[in-house]
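The residues making up each chain are set out below.
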Amino acid sequence: MTVPTSPAVPAAESAAPATALRDRAVWIFDLDNTLYPASCNLFAQVDRRINEFIAGHFGLGLDEARVRQKRFFRDYGTTLRGLMVEHDVDPVAYMDYVHDIDVAGVQPSALLAGALDRLPGRKIIYTNGSVRHAENVAGRLGILDRFEAVFDIAAAGFVPKPDPRPYATLVERHGIDPADACMVEDIARNLAPAHALGMTTVWVRGEQEYEKAGVGAGIHIDHTVDDLPSWLAAVAGAVAGTGAGAGAAA
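Residues numbered from 1 in each chain as written. Predicted model: local features only at pLDDT ≥ 70, side-chain atom pairs only at ≥ 80, totals over all residues. Heavy atoms only, no water.

### Details of the packing of aromatic side chains
The condition is simple: Aromatic contacts are taken between Phe, Tyr and Trp rings whose centres are within 6.5 Å, Trp giving its six-membered ring; a plane angle under 30 degrees counts as stacked, one over 60 as edge-to-face, and the others as tilted. Runs of H or I in DSSP of at least four residues are treated as helices and runs of E of at least two as strands, each being numbered from the N terminus. Three labels apply to residues, based on accessible area from a 1.4 Å probe with only protein chains included: buried if under 20% of the type maximum, exposed if over 50%, partly exposed otherwise in between.
A full pass over the atoms with the stated rule returns 6 aromatic pairs. Where Tyr126 meets Phe151, the ring centres are 5.2 Å apart and the plane angle is 75 degrees; that geometry is what we call edge-to-face. Of this pair, Tyr126 sits in strand β2 (residues 122–126) while Phe151 sits in strand β3 (residues 149–151), and the two are 25 residues apart along the sequence. A residue is classified by how much of its surface remains accessible, and Phe151, at 0% relative accessible area, is buried. A ring pair is formed by Tyr126 and Tyr167, whose centres lie 5.3 Å apart and whose planes are at 80 degrees; its orientation type is edge-to-face. With Tyr126 in strand β2 and Tyr167 in helix α8 (residues 164–173), the pair connects residues that are 41 residues apart, well separated along the chain. Side by side, Tyr126 and Tyr167 carry an identical accessibility label, which is buried.

### Description of helix α4 (residues 79–87)
This is how it is decided: It is the directions from the helix axis to the C-beta atoms that the arc portrays.
Looking at α4, one finds that the buried residues are Thr79, Leu80, Gly82 and Leu83. Here the buried residues of α4 occupy an arc of 160 degrees about the axis, which is enough to place them on one side. With its phi angle positive at about 55 degrees, Asp88 sits one or two positions after the end of α4.

### Describing helix α7 (residues 131–141)
Our working rule: The contact definition used throughout considers only heavy atoms, calling two residues in contact when any of these lie within 4.5 Å.
Three or more residues of α7 are buried, namely His133, Ala134, Val137, Ala138 and Leu141. When α7 is viewed along its axis, its buried side chains cluster within an angular range of 115 degrees and face the same direction. As for α7, its buried residues are in contact with α2 (42–58), β2 and β3. Looking at the residues trailing α7, positive phi occurs at Gly142, about 80 degrees.

This is the structure we're talking about:
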């Protein structure tokens, strides 16, 4: 699957939508480059581990392995999906290998933790990664206990975002009314199925081409933010009656 890119990128918002979002019953958060900033550079470690896994599995040099990795990602949405479809690779062994990383670069976020504490509604992590990876990273952020569940790639039947099927499974398994839910993601195209179900969508602006792909269409992105903890704190502040203006994204 080749996803076209678009040059049009929405401007970041202030906390203006706080009032409209304050009563959402369920908040669904992506993990990587969403709950923690891309500047932590965790994905560089994961990317390197993926490349090493492919090189070792197929007996390839690292350069050739990277070419194959990028083709899997382009054609299947995730490298793992390509490995499973074309080569019947064990997903558990793969996930254990690629997520064996150092998360020390992720700093605990008191601002994010406080916002999640004040924000009403249920909170779920939805990731193309594993539960182990989500628990490792969210634990480092100091926010793991704010979430009632992690819906990971195994729970999705190893079908990655943005395939609509795991979104439907998520909704059914966790009793979510999409019209009363908000999904937050750094990869714009992953918000399209959520929007189609009726969820409010929030794009945490990413600078990589794969993160921006599909942004120009705009119809599946309701809100765009640069600094999620500050924006979310403002939304939560509106709920708590402290005003929607504090901590707005630039």
